[in-house]
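The chain contents come next:
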Amino acid sequence: VQLQAFGGGLVQAGGSLRLSCAASGRGFSSYAMGWFRQAPGKEREFVAFITWNGGTTYYADSVKGRFTISRDNAKNTVYLQMNSLNPEDTAVYYCAGQIDYSGVVTTEPAYDFWGQGTQVTVSS
């Protein structure tokens, strides 16, 4: 499976963006998916997670109530709706997939494949 994230850009504080992650190859509808981000000079961190059918989602405390993860298995795509953005959200955002959902969602080794990242910049 190959993942391609897009939808990033420059937005003012308080604004919104929707990221998309399109998957090619077979099996997407059975994979749990996550979003991570990496800000300049910082380690990559977990942002959000969704199970294969969208029945369970999980968020980092820093984005809870502002970001929403969703998926459309018919389109092989997972989304990250980001509202009320602030400069601390500036980062490269990556999508990632788990072939077998292990219950672990916040750590990088739990994911089997990754997209290339899309830049989100929030100006103050």
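Residues numbered from 1 in each chain as written. Predicted model: local features only at pLDDT ≥ 70, side-chain atom pairs only at ≥ 80, totals over all residues. Heavy atoms only, no water.

Peer 1: I keep staring at unusual backbone geometry and nothing clicks. Help me out?
Peer 2: Glycine aside, a negative phi is what most residues show, and trans is what most peptide bonds show. Despite not being glycine, N76 shows a phi value in the positive range, around 55 degrees. Relative to the elements of secondary structure, N76 occurs in the loop between β7 (67–72) and β8 (77–82). Although it is not a glycine, S84 adopts a positive phi angle of roughly 50 degrees. Tracing the backbone through its elements, the reader meets S84 in the loop between β8 and β9 (91–98). Since its relative accessible area comes to 43%, S84 is described here as partly exposed. (Helix = DSSP H or I, 4+ residues; strand = E, 2+ residues; numbered from the N terminus. Buried < 20%, exposed > 50% of the residue type's maximum accessible area, 1.4 Å probe, protein only.)

Peer 1: Just checking my understanding: could you explain the pairing of β8 for this structure?
Peer 2: Successive side chains on a regular strand alternate, one facing one side of the sheet and the next facing the other. Counting buried residues in β8 gives 5 out of 6 residues, a clear majority hidden from the surface. Alignment of strand β3 (residues 17–24) against β8, held across 6 bridges, turns out to be antiparallel. Bridge pairing links A22 to T77 in β8. Two elements, β7 and β8, share 6 bridges in a ladder whose sense is antiparallel. From the neighbouring strand, D72 faces β8, where its bridge partner is T77. Linkage of β7 to β8, two consecutive antiparallel strands, is achieved through a turn of 4 residues, within which N76 is found at a positive phi near 55 degrees. (Pairing = 2+ DSSP bridges.)

Peer 1: How do you make sense of the sheet that holds β3 when you look at a structure like this?
Peer 2: Sheet strands line up and pair through hydrogen bonds in the backbone, either parallel or antiparallel. If you trace the 4 strands from one edge of the open sheet to the other, you get β1-β3-β8-β7, paired in antiparallel fashion. Unpaired on one side and paired on the other, β1 (2–6) and β7 mark the two borders of the sheet. Direction aside, the axes of adjacent strands within the sheet are offset by 15 degrees on average. Across 5 bridges, the pairing between β1 and β3 is antiparallel. (Axes fitted to C-alpha atoms, helices over the stretch in contact; angles between N-to-C directions.)

Peer 1: Looking at this model, I keep getting lost on the state of the cysteines. Mind explaining?
Peer 2: All chains considered together, the criterion is met by 1 disulfide. There is a disulfide in this structure between C21 and C95, and the S-S distance comes to 2.1 Å. Looking along the S-S bond of the C21-C95 disulfide, the torsion reads about 65 degrees, which is the right-handed sense. Taken as a pair, C21 in strand β3 and C95 in strand β9 lie far apart in primary sequence, 74 residues in all. Taken individually, C21 and C95 each receive the classification buried, so the pair is uniform in this respect. (Disulfide = S-S within 2.5 Å.)

Peer 1: Teacher, can you tell me more about the nonpolar core here?
Peer 2: The tendency in soluble globular proteins is for nonpolar side chains to be buried side by side. Residues W35, L80, M82 and Y93 are the most contacted members of the largest nonpolar core, which totals 38 residues. Counting only elements with at least two residues in this core, the list comes to β1, β3, β4 (32–38), β5 (45–50), β7, β8, β9 and β11 (118–123). Looking at this core element by element, the count peaks at 5 residues for β5. With residues up to four places along the chain from it excluded, the contact list for L80 reads L17, R18, L19, W35, V47, A48, F67, T68, I69 and Y93. (Core = buried A, V, L, I, M, F, W, Y, C linked by side-chain atoms within 4.5 Å. Contact = heavy atoms within 4.5 Å.)

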